[in-house]
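As a plain string of letters, each chain reads:
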Amino acid sequence: MIKRLLLVLLASAVSASAQTTAFGTKATANAAAPAETTATTPTPATTPATKATPKVTEDEVDNTVVITPFRALTPPDAKSTRTFQLSKINKLGFTETTKELQRLYSAFATQRIVDGSPTGSSKATGYLATVNYSLVQDLGDNRFLAKAAWPASGPNEVLAAGVDTMAILLLEKPAKVGDTGKITGMHVGTVALLFTATYPPLVGKRLTIRREAFVECVTLEDSAAGLRKFVEAVNAGAEMSTTTNEQITCKKCGGLGFTREAQKGQLLDKRVPCADCASSGKVIISVETKFAP
Ligand SMILES: [Zn+2]
């Protein structure tokens, strides 16, 4: 799934430039070049985005856009797993409750991307964040360089918040420079963008910048109908899980907030503040809850 999304983000980097290049001479120039360099000829369907940009002559403006993965995203990971069994809901002696199911389903819904898969949605492979943006440059194929803002996401804020930060966005629909808006974006990692800036004060400058990249997506609707469908799917054997941050008792100090250290010749132990939980007795960990019938 994520590979496909990233490909969409990176794909046709060269073909886009072919359309936007002011001079339609590149292909001809390269056609006369030796076999080695023709490998980089912008053939839309087959040329990987990672290939070097075609050579251009001095008087030609190089408007090619090349986007390459720079740093992979940090996938949501869980420190612990547990199972939520639907058949135990509201039964005496079990922690499964309707309220807990509702809470977990809400989390589940925000971690799924609506797509064309048989189940209608897939697990999001990156952190989802609401991204506010203002488009700065059109990179072709619904990809944009944008001034963006998004909240920190993930355990320990793995994805740092963006505030007036340049980011690369892949939007669902065509848009134009200057447009502002808000999307649900899935973080797909950091990419390196090689392009010629068209915005002041960098107009005409050929640059490589490394920025966080987001793909616009739609999350599942958190509704009663959605929950009903979800329960049916789990009962029918679908493998579903959701990752949430949960507060649990600190294992190191057993929830006391301190550990004891025996003192030589003294009856009372010395109390050492627990560093794991900052003496609070509680720690927040990410937990993957798997659902079972
Ligand atoms: Zn502790």
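Residues numbered from 1 in each chain as written. Predicted model: local features only at pLDDT ≥ 70, side-chain atom pairs only at ≥ 80, totals over all residues.

Asker: I keep staring at the nonpolar core and nothing clicks. Help me out?
Answerer: One recurring pattern in soluble globular proteins is that nonpolar side chains are buried together. By size, the foremost hydrophobic cluster in this structure holds 36 residues, and its most contacted members are Ile 67, Ala 146, Ile 168, Leu 169, Met 186 and Phe 214. Elements with a contribution of two residues or more to this core: helix H1 (2-10), strand S1 (66-71), strand S5 (128-140), strand S6 (143-150), strand S7 (162-170), strand S8 (180-196) and strand S9 (206-216). Counting six residues, the second-largest nonpolar core is a separate cluster that includes Phe 84, Tyr 105, Phe 108 and Phe 230. (Core = buried A, V, L, I, M, F, W, Y, C linked by C-beta atoms within 7 Å. Buried ≥ 20, exposed ≤ 12 C-beta atoms within 10 Å, placed from the backbone. Helix = DSSP H or I, 4+ residues; strand = E, 2+ residues; numbered from the N terminus.)

Asker: Help me understand the pairing of S6 in this model?
Answerer: Consecutive residues of a regular strand have side chains that alternate between opposite faces of the sheet. Within S6, six of the eight residues are buried, leaving the element largely enclosed by the surrounding structure. When S5 meets S6, the two strands line up antiparallel, connected through seven bridges. Its bridge partner being in S6, Tyr 133 is matched across the sheet by Ala 148. Linking S5 to S6, which pair antiparallel, is a turn of two residues; within it Asp 141 sits at a positive phi near 55 degrees. In the sheet, S6 pairs with S7 via seven bridges, with the strands oriented antiparallel. What sits directly across from Arg 143, in S7, is Leu 170. (Pairing = 2+ DSSP bridges.)

Asker: Sorry if this is basic, but what is going on with the sheet that holds strand S2 (residues 80-85) here?
Answerer: Backbone-to-backbone hydrogen bonds pair the strands of a sheet. The strands run either parallel or antiparallel. On the basis of which strands lie adjacent, the open sheet formed by three strands has the order S2-S13-S10 and mixed pairing. Of all strands in the sheet, those bounded by a partner on one side alone are S2 and strand S10 (241-249). Strand-to-strand, the axes of this sheet are offset by a mean angle of 40 degrees, without reference to chain direction. Bridge analysis of S10 against strand S13 (residues 282-292) gives nine bridges, and the strand direction is antiparallel. In the sheet register, Thr 244 faces S13, and the bridge partner there is Val 287. Against the sheet, helix H5 (residues 98-110) touches S2, S10 and S13, its axis set at about 130 degrees to S10. (Axes fitted to C-alpha atoms, helices over the stretch in contact; angles between N-to-C directions. Contact = placed C-beta atoms within 7 Å.)

Asker: Looking at this model, I keep getting lost on helix H6 (residues 224-235). Mind explaining?
Answerer: One turn of an α-helix holds 3.6 residues; hence residues three or four places apart share an orientation. The end-to-end C-alpha separation of H6 is 17 Å, in line with the 16 Å expected for 12 residues at 1.5 Å each. Remark: Gly 237 follows H6 within two positions and exhibits a positive phi of approximately 105 degrees. (Expected span 1.5 Å × (residues − 1).)

Asker: How do you make sense of unusual backbone geometry when you look at a structure like this?
Answerer: The phi torsion of most residues other than glycine is negative, and most of the peptide bonds are trans. Here the residue pair Pro 200 and Pro 201 is connected by a cis peptide bond, since its omega of 5 degrees sits within 30 degrees of zero. With respect to the element layout, Pro 201 can be found in the loop between S8 and S9. Of note, Asn 142 is a non-glycine position whose phi angle comes to about 65 degrees, a positive value. Even without being a glycine, Ala 278 presents a positive backbone phi close to 55 degrees.

Asker: How should I be thinking about the environment of Gln 263 in this particular structure?
Answerer: Counting through the fold element by element, Gln 263 comes out in the loop between strand S11 (258-261) and strand S12 (270-273). Residue Gln 263 is classed as exposed on the basis of its 10 C-beta neighbours within 10 Å. Excluding its chain neighbours within four sequence positions, the residues that come into contact with Gln 263 are Leu 268, Asp 269 and Lys 270.

Asker: Mind showing me how you'd approach H5 here?
Answerer: Taking 1.5 Å of rise per residue, 13 residues should cover 18 Å, and H5 covers 19 Å from first to last C-alpha, within 8% of that figure. Those residues of H5 that fall on the buried side of the exposure criterion are Leu 104, Tyr 105 and Phe 108. Relative to the axis of H5, the buried residues are bounded by an arc of 105 degrees and lie together on one face. Opposite the buried face of H5, at more than 90 degrees from it, the exposed residues are Lys 99 and Gln 102. (Arc of directions from axis to C-beta.)

Asker: What is the right way to read the environment of Ala 213 from this model?
Answerer: Assignment of secondary structure puts Ala 213 in strand S9. Ala 213 sits 45 residues away from Ile 168 along the chain, and the two C-alpha atoms are 4.6 Å apart. Setting aside its immediate chain neighbours within four residues, Ala 213 contacts Leu 9, Ala 167, Ile 168, Val 188, Gly 189, Thr 190 and Val 191.

Everything listed here is a matter of geometry and, on its own, says nothing about what the molecule does.
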